[in-house]
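Observations on chain architecture
Residue strings, one per chain:
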Amino acid sequence: MAIQVTLLSVRPGAAHHASLEAVSQDYLQRCGKTLPSTPRVFRNEKMLLDFVGDEKRAGAAFFWIADLGGKSLDSIAFAERIREARDNGIRRLMLAIGPADGWSDEARKIADLRISLGAMTLPHELAWLVLSEQIYRASTILQGHPYHLGH
């Protein structure tokens, strides 16, 4: 059975760049049945954490956050973490980009994994695009597709 990925973000306003959003959505749609992925945006961290709490209470769910102090994973290690979660019965994976001023201590405590997208701080929309592409890349790695090798 596939693991369902939800890419979460905290964006208080409606500010977004339509072309980046379209590219991100395209990557998520390409994941298909291998790693079905959907986006979800929240106005604040509390709303996002309430959603995560509900999902975790429903069972078989992990919550990973993009965090500057998180673990640095290459694409293959990222895909392997997803494979391990899936193979160990996790059915929902929530990957989240936090508020502009960073994650609260509460969010860091409940996260099952903190990952770093690199040492540089990225705008939310660029982090969203990077994670969207990495989710797609993970789906191709899990399928043994050559996309990862050629890029």
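Check the entry above for the structure.
Structural notes, computed from the coordinates. (Residues numbered from 1 in each chain as written. Predicted model: local features only at pLDDT ≥ 70, side-chain atom pairs only at ≥ 80, totals over all residues. Heavy atoms only, no water.)

1. Points about the pattern of salt bridges
Under the definition given, this model contains 11 salt bridges. Note that D67 is salt-bridged to R114, the shortest N-O span being 2.6 Å. Residue D67 is located in strand β3 (residues 61-72), and its partner R114 is located in strand β5 (residues 113-116); the two are separated by 47 residues in the primary sequence. Assessed through its relative accessible area of 29%, R114 is described here as partly exposed. Among the ionic pairs, D87 bridges to R86, the shortest N-O distance being 3.0 Å. Each of D67, R108 and R114 takes part in one network of salt bridges that share partners. (Salt bridge = Lys/Arg side-chain N within 4 Å of Asp/Glu carboxyl O. Helix = DSSP H or I, 4+ residues; strand = E, 2+ residues; numbered from the N terminus. Buried < 20%, exposed > 50% of the residue type's maximum accessible area, 1.4 Å probe, protein only.)

2. A closer look at the layout of surface pockets
A volume near 380 Å³ is recorded for the largest pocket. Listing elements by their share of the lining of the largest pocket, those giving two or more residues are β3 and α5 (124-143). The leading source of residues in the lining of the largest pocket is β3, at 3 residues. Here the lining of the largest pocket is built from residues that sort into 11 nonpolar, 6 polar and 3 charged. (1 Å grid on protein atoms, 1.4 Å probe; cavity = no way out; pocket = protein on both sides within 12 Å on 5 of 7 lines; lining within 4 Å. Points joined across faces, edges and corners; volume = space filled by probe spheres on them. Nonpolar A, V, L, I, M, F, W, Y, C, P; charged D, E, K, R; others polar.)

3. Focus: the sheet that holds β5
Neighbouring strands of a sheet are bound in pairs by backbone hydrogen bonds; such pairs are parallel or else antiparallel. What the 5 strands build is an open sheet, ordered β2-β1-β4-β3-β5; its pairing is parallel. Among the strands making up the open sheet, the edge pair consists of β2 (37-42) and β5. Averaged over all pairs of adjacent strands, the angle between strand axes in this sheet comes to 30 degrees, irrespective of strand direction. Running at roughly 165 degrees to strand β4 (residues 92-97), helix α2 (residues 45-58) makes contact with β1 (4-10), β2, β3 and β4 of the sheet. (Pairing = 2+ DSSP bridges. Axes fitted to C-alpha atoms, helices over the stretch in contact; angles between N-to-C directions. Contact = heavy atoms within 4.5 Å.)

4. Topic: helix α1 (residues 18-30)
The first and last C-alpha atoms of α1 sit 18 Å apart over 13 residues, in line with the 18 Å expected at 1.5 Å per residue. Regarding α1, the residues found buried are S24, Y27 and L28. All buried residues of α1 project into a common sector of 100 degrees when viewed along the axis, lining one side. Exposed residues pointing more than 90 degrees away from the buried face of α1 are listed as A18 and Q29. At the exit of α1 stands G32, carrying a positive phi of roughly 55 degrees. (Expected span 1.5 Å × (residues − 1). Arc of directions from axis to C-beta.)

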